[in-house]
Amino acid sequence: PSRHCNHHCVANDKNKLIRAHLGAGKNYEALGNEAKAIDHYSKAIAVQKKDGESSVIPPAIAAEAGYRAGDLYHKKIKKTRLDGTKSQNAARAGEMNKSLMPAIQFFAKSVEMAEEEWTLRSYMRMGDLFYAIATISDNERTAGLSGDDRIRAKVEGKAGIPGWLEKAIELYKKNMEIANN
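Residues numbered from 1 in each chain as written. Predicted model: local features only at pLDDT ≥ 70, side-chain atom pairs only at ≥ 80, totals over all residues. Heavy atoms only, no water.

Trainee: Help me understand the overall build of the protein, please; the structure alone is not making it clear to me.
Mentor: Along the protein, the regular secondary structure elements total 7 helices and 0 strands. Beginning at the N terminus, the succession of helices and strands in the protein can be written as α-α-α-α-α-α-α. Out of the 181 residues belonging to the protein, those deemed buried represent 41%. At a minimum sequence separation of 6, the contacts of the protein that also span at least 24 residues come to 64%. Put simply, the protein shows about 10100 Å² of open surface, and 53% of that area lies on carbon and sulfur atoms. (Helix = DSSP H or I, 4+ residues; strand = E, 2+ residues; numbered from the N terminus. Buried < 20%, exposed > 50% of the residue type's maximum accessible area, 1.4 Å probe, protein only. Contact = heavy atoms within 4.5 Å. Areas by Shrake-Rupley, 256 points an atom, 1.4 Å probe, with all protein chains shown as cover.)

Trainee: I would appreciate a short explanation of helix 4 (residues 86–112) in the present structure.
Mentor: A turn of α-helix holds 3.6 residues, and therefore any two residues three or four places apart point the same way. The terminal C-alpha atoms of helix 4 lie 39 Å apart, and with 27 residues this matches the ideal 39 Å at 1.5 Å per residue to within 8%. One or two positions beyond helix 4, positive phi appears at Ala114, with a value near 55 degrees. (Expected span 1.5 Å × (residues − 1).)

Trainee: Any chance you could explain the nonpolar core here in plain terms?
Mentor: When a protein is soluble and globular, its nonpolar side chains tend to lie buried together. In this structure, Tyr41 and Leu129 are the most contacted members of the largest nonpolar core, which totals 32 residues. Ignoring any residue separated from it by four or fewer positions in sequence, one finds Tyr41 in contact with Leu22, Gly25, Lys26, Glu29, Ala65, Arg68, Ala69 and Leu72. (Core = buried A, V, L, I, M, F, W, Y, C linked by side-chain atoms within 4.5 Å.)

Trainee: What is the right way to read the environment of Arg68 from this model?
Mentor: With respect to the secondary-structure elements, Arg68 resides in helix 3 (residues 60–79). By relative accessible area, which is 24% here, Arg68 ends up partly exposed.

Trainee: It is not clear to me how the packing of aromatic side chains should be interpreted in this structure. Could you clarify?
Mentor: Two measures describe an aromatic ring pair: the distance that separates the ring centres and the angle between the ring planes. Evaluated as defined, the whole model comprises 3 aromatic pairs. Pairing Tyr73 with Phe106 gives two aromatic rings, centres 6.1 Å apart and planes at 15 degrees, and the pair type is stacked. Of this pair, Tyr73 sits in helix 3 while Phe106 is found in helix 4, placing the two residues 33 residues apart along the sequence. The exposure classification of Tyr73 matches that of Phe106, with both residues buried. By the ring-pair criterion, three or more aromatic residues cluster together here, those being Tyr67, Phe107 and Trp118. It is Lys109 that lies over the ring of Phe106; its NZ or CZ is 5.2 Å from the centre. (Phe/Tyr/Trp six-rings, centres within 6.5 Å; stacked < 30°, edge-to-face > 60°. Lys NZ or Arg CZ within 6 Å of the ring centre and 35° of its normal.)

Trainee: Would you mind going over helix 2 (residues 34–51) with me for this structure?
Mentor: The end-to-end C-alpha distance of helix 2, which contains 18 residues, comes to 26 Å, matching closely the 26 Å that a straight helix rising 1.5 Å per residue would cover. Along helix 2, the positions that sit buried rather than exposed are Ala37, Ile38, His40, Tyr41, Ala44, Ile45, Val47, Gln48 and Asp51.

Trainee: Please explain the pattern of salt bridges as it appears in this structure.
Mentor: Opposite charge on two side chains allows them to pair when their charged atoms are near. Under the defined criterion, the tally for this structure stands at 13 salt bridges. Linking Asp51 and Lys14 is a salt bridge whose minimum nitrogen-to-oxygen distance equals 3.4 Å. Taken as a pair, Asp51 in helix 2 and Lys14 in helix 1 (residues 3–30) lie far apart in primary sequence, 37 residues in all. (Salt bridge = Lys/Arg side-chain N within 4 Å of Asp/Glu carboxyl O.)

Trainee: What exactly am I supposed to notice about the side chain of Ser122 here?
Mentor: Along the polypeptide, Ser122 turns up in helix 5 (residues 116–138). Once residues within four sequence positions are removed from consideration, Ser122 is found in contact with Tyr67, Phe107, Ser110 and Val111.

Trainee: Would you mind going over the packing of helix 3 against helix 4 with me for this structure?
Mentor: What describes two packed helices is the angle between their axes and the distance between those same axes. Contact pair helix 3 / helix 4: the axes reach a minimum separation of 7 Å and the direction vectors enclose 160 degrees. Between helix 3 and helix 4, the angle is such that the two are roughly antiparallel. Once helix 3 is placed against helix 4, the crossing between them reads as left-handed. Taken together, the residues of helix 4 that come into contact with helix 3 (itself represented by Ala63, Gly66, Tyr67, Ala69, Gly70, Asp71, Tyr73, His74, Lys76 and Ile77) are Met96, Ser99, Leu100, Pro102, Ala103, Phe106, Phe107 and Ser110. (Axes fitted to C-alpha atoms, helices over the stretch in contact; angles between N-to-C directions. Parallel < 35°, antiparallel > 145°, perpendicular 65-115°, else oblique. Left-handed = near helix turned anticlockwise from the far one by under 90°.)

Right, here's the structure in full:
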């Protein structure tokens, strides 16, 4: 076998592996097994990060995996209703918070893959999360900051969120304007 095949075949295997993890993740998601789904999505991203560039694997599969993993956390946050007693709401806001960082981190990984469709979708979700956080922090009313500042303080404190959060928020607000016109 030629040396060319060697490199090419390794790339092909890695590509298949990333696809297999994405496929398994989707299957587990359909079965309602979120933990297993997220595990497979994470593995797809890990293979892409490790071997994607050297094996010239298109990033779209891993980008979709990042988006889907983020979206599972996003759905958890969206499902939460803050309509209980003060202590119930505090507990629920705490649960929302637990899903928040993983959601943002997975969407960020999707954005890093620089694959247009998934980048845009991930930005939209991050923008949406920004407003979900607003409802959480309205519940907490920290330090009398305005909603946006409160969220920034909360998120930056946790992750030192880079500039893409700003971009996500801008995009979200723009789309809201378009939708409302």
